[in-house]
Amino acid sequence: MKEIIPPLILACCFLLLFGVAELLYHFGKLGAEWTRKIVHIGTGLLTLLFPVVLVSHWQVLFLCASFLVILLASLKFGWLPSINAIDRFSYGSILFPVIVYLLFLVFQMADRGLIVFYLPILVLAICDPVAALVGKRFPFGKYQIMGSGKSAAGSLAFFASALLVTAVTVSAFDGAHSGMLLILVVPMMATIAEALGVRGMDNFTIPASVVSTLCLI
């Protein structure tokens, strides 16, 4: 019975975040692009608690599967416009719980500690919104990837922020293995993954590229 309490508390925190986003969207008149980014960052930061308070991958599976069902239902029935009311189709919201569960499995199986979970989540939660905001504000060097618009400014912003996030995270959690190769290669691979991740697929490709690089180097 005790094992169900931590995931239930986390579930309430996620629902509260969704609720705040809905209030900002409906009553604060904040656009869905902004509320979606708030949820994107907030869910990423809340997810960092998983390795600390959850001991079993079954707990993570319960949480991720529950929210996957909610998010799929929201797409079908038009719920959660603060996340879904955007002018493009995106797989991003439904891919996030999938990659979180897979990252937790890697964390439990790999002998690298918290970094294999924290770094992919932090790069996704922080650098992806930074790239989107900079790309919209300074749309320099526009290019197309499979019909989706990208910009060199956004990609550069992603790389710069990923470089900073990687350097800080590696120094904090992977001191024994830290090195310039890791700090440079992770942001480069993540930037390529972000550029190729169209229609929200970057919610999967970015963390997958980061954790793959960590496991290989």
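Not measured: the values here are computed from a predicted model.

1. Thoughts on the overall build of the protein chain
Consideration 1: Helix and strand counts for the protein chain come out as 10 helices and 2 strands.
Consideration 2: Ordered by position in the sequence, the α and β elements of the protein chain form the string α-α-α-α-α-α-α-β-β-α-α-α.
Consideration 3: For the protein chain, whose C-alpha radius of gyration is 17 Å, the value lies close to the compact-globule estimate of 17 Å for 217 residues.
Consideration 4: Once the C-alpha set of the protein chain is aligned to its principal axes, its extents read approximately 55 × 45 × 25 Å.
Consideration 5: Relative to its full complement of 217 residues, the protein chain shows a buried share of 49%.
Consideration 6: Sequence-distant contacts in the protein chain: of pairs separated by 6 or more residues, those separated by 24 or more amount to 72%.
Consideration 7: Here the protein chain has roughly 10800 Å² of accessible surface; of this, 75% comes from carbon and sulfur atoms.
Consideration 8: Distance between charge centres in the protein chain, computed from 12 positive and 9 negative side chains, equals 9 Å.

2. So, the pattern of salt bridges
Consideration 1: As enumerated under the stated definition, the model contains 2 salt bridges in all.
Consideration 2: A salt bridge links Glu-33 to Lys-37, with the shortest nitrogen-to-oxygen separation between them at 3.5 Å. With Glu-33 and Lys-37 both in helix α2 (residues 32–47) and 4 residues apart, this pair spans about one turn of that helix.
Consideration 3: With a closest N to O distance of 3.4 Å, Lys-150 and Glu-194 form a salt bridge.

3. Let's talk about the environment of Lys-76
Consideration 1: Within the fold, Lys-76 resides in helix α4 (residues 57–77).
Consideration 2: Taking C-alpha positions, Lys-76 is 27 Å from Ile-9, a pair spaced 67 residues apart along the chain.

4. Topic: the nonpolar core
Consideration 1: With 51 residues, the main nonpolar core has Phe-50, Val-100, Phe-117, Leu-119, Val-123 and Phe-158 as its most contacted residues.
Consideration 2: Mapped onto this core, the elements with two or more residues apiece are α1 (5–26), α2, α4, α6 (92–109), α7 (115–137), α8 (152–173), α9 (180–196) and α10 (202–216).
Consideration 3: A total of 11 residues in this core trace back to one element, the largest contributor, which is α7.
Consideration 4: Once residues lying within four places of it in the same chain are set aside, the contact partners of Phe-158 are Val-123, Cys-127, Asp-128, Ala-131, Ala-190, Thr-191, Glu-194 and Ile-206.

5. Quick notes on the packing of α1 against α2
Consideration 1: Close contact between α1 and α2 brings their axes to 9 Å; oriented N to C, the two are set at 165°. Taken together, the axes of α1 and α2 are roughly antiparallel relative to one another. Seen along the crossing, α1 lies across α2 with a hand that is right-handed. Here α1 contributes Leu-10, Cys-13, Phe-14, Leu-17, Phe-18, Ala-21, Leu-24 and Tyr-25 to the contact with α2, which in turn contributes Ala-32, Thr-35, Ile-38, Val-39, Gly-42, Thr-43, Leu-46 and Thr-47.
Consideration 2: Of the residues assigned to the contact of α1 with α2, the class counts are 12 nonpolar, 4 polar and no charged.

What counts and what doesn't
Residues numbered from 1 in each chain as written. Predicted model: local features only at pLDDT ≥ 70, side-chain atom pairs only at ≥ 80, totals over all residues. Heavy atoms only, no water. Helix = DSSP H or I, 4+ residues; strand = E, 2+ residues; numbered from the N terminus. Rg over C-alpha atoms; globule rule 2.2 N^0.38 Å. Buried < 20%, exposed > 50% of the residue type's maximum accessible area, 1.4 Å probe, protein only. Contact = heavy atoms within 4.5 Å. Areas by Shrake-Rupley, 256 points an atom, 1.4 Å probe, with all protein chains shown as cover. Lys, Arg positive; Asp, Glu negative; His and termini not counted. Charge placed at Lys NZ, Arg CZ, Asp CG, Glu CD. Salt bridge = Lys/Arg side-chain N within 4 Å of Asp/Glu carboxyl O. Core = buried A, V, L, I, M, F, W, Y, C linked by side-chain atoms within 4.5 Å. Axes fitted to C-alpha atoms, helices over the stretch in contact; angles between N-to-C directions. Parallel < 35°, antiparallel > 145°, perpendicular 65-115°, else oblique. Left-handed = near helix turned anticlockwise from the far one by under 90°. Nonpolar A, V, L, I, M, F, W, Y, C, P; charged D, E, K, R; others polar.

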